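Spelled out, the chains give:
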Amino acid sequence: MIAVGVLGSRGRMGAEVCRAVREAPDLELVAEIDAGDDRSGLAKADVLVDFTHPDTVMDNLRWAVENGVHSVVGTTGFDDDRLATVRGWLGPDPSVGVFVAPNFGIAAVLMMLFAARAAPYFESVEIVELHHPGKADAPSGTARRTAELVSAARRAAGQDPAGPDATTSALDGARGTRVAGVPVHAVRLGGLVAHQEVLLGGSGETLTIRHDSLDRASFMPGVLLAVRHVADHLGLTVGLEALLDLG
Ligand SMILES: NC(=O)C1=CN([C@@H]2O[C@H](COP(=O)(O)OP(=O)(O)OC[C@H]3O[C@@H](n4cnc5c(N)ncnc54)[C@H](OP(=O)(O)O)[C@@H]3O)[C@@H](O)[C@H]2O)C=CC1
Ligand SMILES: O=C(O)C1=N[C@H](C(=O)O)C[C@H](O)C1
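Residues numbered from 1 in each chain as written. Chains lettered and ligands numbered in written order. Predicted model: local features only at pLDDT ≥ 70, side-chain atom pairs only at ≥ 80, totals over all residues. Heavy atoms only, no water.

### Remarks on the site of ligand 1
Line of reasoning, step 1. The immediate surroundings of ligand 1 are formed by 24 residues, with R12, M13, R39, T76 and F104 found nearest.
Line of reasoning, step 2. A distance of 2.8 Å separates an oxygen atom of ligand 1 from a polar backbone atom of R12.
Line of reasoning, step 3. With respect to ligand 1, the side chain of T56 contributes an N or O atom lying 3.4 Å from a nitrogen atom.
Line of reasoning, step 4. Summarising the interface, the protein chains cover 76% of the accessible area of ligand 1, which totals 930 Å² for the free molecule. (Near = heavy atom within 4 Å. Polar contact = N/O pair within 3.5 Å; in protein donor to acceptor, adjacent residues only side chain to side chain. Areas by Shrake-Rupley, 256 points an atom, 1.4 Å probe, with all protein chains shown as cover.)

What follows is the structure, encoded as structure tokens:
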């Protein structure tokens with residue numbers, strides 16, 4: 001049995017993770033911790049799962065590394081600086097695993113990989129992410145990661161990350177923001193869960209790669225996969241693709 005502690009346990013994702021862990025025959029839910037709760041139960045966990053808030057996740061992760069508890073992190077906000085900080089905590093010979101994934105949905109991972117694969121074949125690329133209005137951060141972690149992958153693929157092919165844009169007059173925000181040079185736009189709309197379109201355009205044709213998470217259950221197989229394997233991956237691992245055999 002793997003003993004699991006969930007941080008953010010009363011949140012949208014944390015509650016779903018608690019349910020999935022309870023239903024898994026090889027996992028035991030030993031701690032359900034939300035903001036303000038007593039954290040002593042966390043010491044019983046082999047693996048801590050964090051779906052909290054970008055402002056608090058680093059403190060949680062530091063505690064886990066210092067206390068020898070493996071971590072599976074879905075909370076967003078991980079830029080290169082944060083990842084470097086985590087690597088520093090882990091040191092050169094890590095004894096725990098830290099697994100960070102901007103998106104635990106299998107279809108979302110495929111969408112990101114397909115987008116990066118397609119990106120060098122088009123003149124232009126822009127990303128539109130669409131989420132429920134309760135989301136704390138923008139753009140989404142998924143959009144940021146997609147933009148980084150797309151940008152790297154285009155640069156490796158000798159292209160600009162975005163493509164041409166003659167706009168010289170615009171209201172603030174009208175052209176979105178840029179992540180690694182790629183334009184990214186964020187929509188917040190009641191009724192949505194988590195969605196993203198990668199728009200690619202060339203001469204006389206476009207390609208749209210769209211992913212929809214219609215239910216938070218979509219993230220659970222990926223979360224449980226990471227919980228089961230994080231102890232086999234000491235040090236920092238980023239992205240669910242590291243645990244999938246995608247050929
Ligand atoms: N990687 C992935 O596949 C996915 C990632 N996410 C990410 O997960 C994060 C959480 O999303 P979501 O569940 O929708 O957010 P919610 O706001 O619904 O849940 C977060 C919960 O964490 C609690 N919390 C805040 N700080 C702490 C802390 N230090 N210790 C314990 N609990 C804490 C919050 O309490 P309070 O409200 O009182 O502050 C809240 O109950 C976001 O960053 C989101 O982007 C979401 C979906 C999928
Ligand atoms: O906050 C959410 O809901 C989600 N957050 C992650 C992100 O920011 O990419 C993953 C998914 O999009 C749902």
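### Some remarks on the packing of helix 1 (residues 12-23) against helix 6 (residues 220-229)
Line of reasoning, step 1. At a minimum axis separation of 10 Å, helix 1 and helix 6 run at an interaxial angle of 65°. Considering the relative orientation of helix 1 and helix 6, their crossing is right-handed. Residue-level contacts link M13, E16, V17, A20 and V21 of helix 1 to M220, V223 and L224 of helix 6.
Line of reasoning, step 2. Of the residues in the contact of helix 1 with helix 6, the class split is seven nonpolar, no polar and one charged. (Axes fitted to C-alpha atoms, helices over the stretch in contact; angles between N-to-C directions. Helix = DSSP H or I, 4+ residues; strand = E, 2+ residues; numbered from the N terminus. Left-handed = near helix turned anticlockwise from the far one by under 90°. Contact = heavy atoms within 4.5 Å. Nonpolar A, V, L, I, M, F, W, Y, C, P; charged D, E, K, R; others polar.)

### Focus: the sheet that holds strand 8 (residues 182-188)
Line of reasoning, step 1. As summarised here, the arrangement of the five strands in space is 7-8-6-9-10, forming an open sheet in which the pairing is mixed. Each end of this open sheet is capped by a strand with a single partner; those strands are strand 7 (177-179) and strand 10 (206-213). Shown here is a sheet whose adjacent strand axes are inclined to one another by a mean of 25°, direction ignored.
Line of reasoning, step 2. Strands in contact with helix 4 (residues 106-118) are strand 9 (194-201) and strand 10; relative to strand 10, the strand with the most contacts, it is inclined by about 165°.
Line of reasoning, step 3. On the sheet, helix 5 (residues 141-156) packs against strand 6 (124-131), strand 7, strand 8 and strand 9 and is oriented at approximately 170° with respect to strand 6. (Pairing = 2+ DSSP bridges.)

### Description of the packing of aromatic side chains
Line of reasoning, step 1. Per the counting criterion, the structure on display carries two aromatic pairs.
Line of reasoning, step 2. Ring plane angle 40° and centroid distance 6.2 Å describe the contact between F99 and F104, whose orientation is recorded as tilted.
Line of reasoning, step 3. On the basis of relative accessible area, F104 is assigned to the buried category, the value being 2%.
Line of reasoning, step 4. Taken together, the ring pairs connect F51, F99 and F104 into an aromatic cluster. (Phe/Tyr/Trp six-rings, centres within 6.5 Å; stacked < 30°, edge-to-face > 60°. Buried < 20%, exposed > 50% of the residue type's maximum accessible area, 1.4 Å probe, protein only.)

### Structural notes on the domain arrangement of the protein chain
Line of reasoning, step 1. Considered domain by domain, the protein chain is made up of domain 1 (2-100 + 217-243) and domain 2 (106-214).
Line of reasoning, step 2. Of note, the centres of domain 1 and domain 2, computed from C-alpha atoms alone, are 27 Å apart.
Line of reasoning, step 3. When the buried surface of domain 1 facing domain 2 is broken down by residue, R12, T76 and E241 rank first, second and third, together holding 42% of it.
Line of reasoning, step 4. The tally of links from domain 1 across to domain 2 stands at one salt bridge.
Line of reasoning, step 5. Between R145 and E241 there is a salt bridge, and its shortest N-O distance comes to 2.6 Å.
Line of reasoning, step 6. At the boundary of domain 1 and domain 2, one finds four residue pairs in polar contact (both at pLDDT 80 or more).
Line of reasoning, step 7. When the residues that make up the side of domain 1 that touches domain 2 are grouped by side-chain class, the tally is four nonpolar, four polar and three charged. (Domains from an automatic or database assignment. Buried area = accessible area lost by both parts, 1.4 Å probe. Salt bridge = Lys/Arg side-chain N within 4 Å of Asp/Glu carboxyl O.)

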